[in-house]
Amino acid sequence: MPALTRPAKLAAAAAAGLLISSAIAYGTASGQEQTLREAAAQSDRFAGLGATATGLSETYPEIAATEFSSITPGNEMKWESVEPTQGQFNWGPADEMVEFAEANDQQVHGHTLVWHSQLPDWIENGQYEGELADVMTEHIATEAGRYAGRIDRWDVVNEPLNEDGTLRDSVFLQEIGESYIADAFRAADAADPDAKLYVNDYNTDGLGAKSDGMYELVSSLLEQGVPIDGVGFQSHLIVGQVPDSMQENLQRFVDLGLEVAVTELDVRIEMPADEAELAQQTEDYASVANVCLAVDGCTGVTVWGVSDGDSWIPPTFPGWGAPLLWDENYEKKDAYFSFRDALAGTA
Ligand code: 9MR
């Protein structure tokens, strides 16, 4: 069947009673080059985008819808966003993003239920009613419960590790102890038994102390019968530094019976980026896609933003930039094409 044009798809969806929200569905233009999502679909993987609500509604809706098959809300599902005051919730932006994904036949990667950062002040300052363990499980029950059945993967616990592989000294570790991780997964499983439940971290992409810590952590969770399904590898990389051991590393987690995903890929360059660095970045994107394709349990790759112009990198790492697949003018970079071809298995 030929791909439907956007108006035809909308009309068909409306006729079938499928348009339950006001989110716009974007069709796939026929006769054009393959998109990232089509490339990834050839091996049943997702091509994901770490997006913002404004990005989906204003800045890059068409790119998000046509190029990607999974959406991760970059900030909108974080604790400070959804529960700025204890018991008072702000679901608007997160709802919009889930509706956008559903209208465009995309998966949703929920991010994130328990994280030491971007916490509301009332948690940071300890101004909550009750014990933190109960507050945390209540938060998980409410958020994961709200979206139950509509989330493909949840980052249940984000960034629990120090660089040496020990557990990060977060407010959750301090107040609850290391059982907070198992408690969080059990609460998420109870609230949304269908979602795949992930632990997610950065600097765990290759073999090393931190990924050894992750390996020990998930092994111990599995031994305790904790309902964990997957491990996310953020892959915030520096150009030329895709770890040689990335495939071996991801594979050892799959060998434990877990699935894995690359969850926040970007490849930063010290500015100004020269031709050689951009060429290296082009290779690096393909290498990461190749790793995911080489590991049977790797479900897909999410990139952390569309354009170099709206990445988190320049403000966070002054002097660094150009980390993504589209340049500041939303023109596809060479890295886009190498990444796509690698996802399709043809690079
Ligand atoms: O993309 C997010 C950015 O807009 C925020 O300012 C930032 C604050 O920490 O968080 C960014 O996303 C982070 C993600 O949630 C977890 N891994 C690291 C990402 C980059 O900081």
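Scroll up to find the structure.
The paragraphs below set out a description of the structure included in this document. Because the structure is a prediction, the values reported are computed rather than measured. (Residues numbered from 1 in each chain as written. Predicted model: local features only at pLDDT ≥ 70, side-chain atom pairs only at ≥ 80, totals over all residues. Heavy atoms only, no water.)

### Quick look at helix H15 (residues 334-343)
Given 3.6 residues per helical turn, the α-helix brings residues three or four places apart onto the same face.
And then number 1: Across the 10 residues that make up H15, a large majority, 7, are buried.
And then number 2: Tucked inside the fold, the buried residues of H15 contact helix H2 (36-41), strand E1 (46-51), helix H4 (61-67), strand E8 (259-270), helix H13 (275-294) and strand E9 (298-303).
And then number 3: Just downstream of H15, Gly-345 is the residue with a positive phi angle, here 80°. (Buried < 20%, exposed > 50% of the residue type's maximum accessible area, 1.4 Å probe, protein only. Helix = DSSP H or I, 4+ residues; strand = E, 2+ residues; numbered from the N terminus. Contact = heavy atoms within 4.5 Å.)

### Some points on the state of the cysteines
And then number 1: The final tally for this structure, using the stated rule, is 1 disulfide.
And then number 2: Paired through a disulfide, Cys-292 and Cys-298 show a sulfur-sulfur distance of 2.0 Å. Handedness of the Cys-292-Cys-298 disulfide follows from its S-S torsion of about -100°: it is left-handed.
And then number 3: Take Cys-292: its relative accessible area is 0%, and that puts it in the buried class. (Disulfide = S-S within 2.5 Å.)

### Observations regarding the layout of surface pockets
And then number 1: Here the largest pocket is characterised by a volume of approximately 490 Å³.
And then number 2: Lining of the largest pocket is provided by 26 residues; of these, Gly-74, Asn-75, Lys-78, Trp-304 and Trp-312 occupy positions nearest its centre.
And then number 3: Elements supplying a minimum of two residues to the lining of the largest pocket: E1, helix H3 (53-59) and E8.
And then number 4: Residues of the lining of the largest pocket, tallied by class, amount to 7 nonpolar, 14 polar and 5 charged. (1 Å grid on protein atoms, 1.4 Å probe; cavity = no way out; pocket = protein on both sides within 12 Å on 5 of 7 lines; lining within 4 Å. Points joined across faces, edges and corners; volume = space filled by probe spheres on them. Nonpolar A, V, L, I, M, F, W, Y, C, P; charged D, E, K, R; others polar.)

### Overview of the packing of aromatic side chains
And then number 1: Enumeration over the complete set of coordinates arrives at 12 aromatic pairs.
And then number 2: Aromatic side chains Phe-68 and Trp-326 sit 6.0 Å apart centroid to centroid with 50° between the ring planes, which places their arrangement in the tilted category. Residue Phe-68 is found in the loop between H4 and strand E2 (70-73), and its partner Trp-326 is found in the loop between strand E10 (320-321) and H15; the two are separated by 258 residues along the sequence. Assigned by exposure class, Phe-68 and Trp-326 land together as buried.
And then number 3: Ring centres of Tyr-336 and Phe-337 lie 5.0 Å apart, and the angle between their planes is 85°; on these two criteria the pair is classed as edge-to-face.
And then number 4: The exposure class assigned to Tyr-336 is buried, which follows from its relative accessible area of 0%.
And then number 5: For Phe-337, a relative accessible area of 28% puts it in the partly exposed group.
And then number 6: Grouped by ring-pair contacts, the aromatic residues Phe-68, Trp-326, Tyr-336 and Phe-337 constitute a single cluster. (Phe/Tyr/Trp six-rings, centres within 6.5 Å; stacked < 30°, edge-to-face > 60°.)

### Brief notes about the side chain of Ser-235
And then number 1: Structurally, the position occupied by Ser-235 is in the loop between strand E6 (230-233) and strand E7 (236-238).
And then number 2: Polar side-chain contacts of Ser-235 include one of 3.0 Å to the side chain of Asp-205.
And then number 3: Excluding residues within four positions of it along the chain, Ser-235 makes contact with Asp-205, Met-246, Val-262, Glu-264, Leu-265 and Asp-266. (Polar contact = N/O pair within 3.5 Å; in protein donor to acceptor, adjacent residues only side chain to side chain.)

### Some thoughts on the site of the ligand
And then number 1: Neighbouring residues of the ligand: Asn-75, Lys-78, His-111, Trp-115, Gln-118, Asn-158, Glu-159, Gln-234, His-236, Glu-264, Trp-304 and Trp-312.
And then number 2: In this structure, Glu-159 approaches the ligand through a side-chain N or O atom, which is 2.8 Å from a nitrogen atom.
And then number 3: Contact distances for the ligand include 3.0 Å between a nitrogen atom and a side-chain N or O atom of Gln-234.
And then number 4: More than half of the atoms of the ligand fall within 2 Å of the grid points belonging to the largest pocket.
And then number 5: Partitioning the shell around the ligand into residue classes produces 3 nonpolar, 6 polar and 3 charged. (Near = heavy atom within 4 Å. Sits in = over half its atoms within 2 Å of the grid points.)

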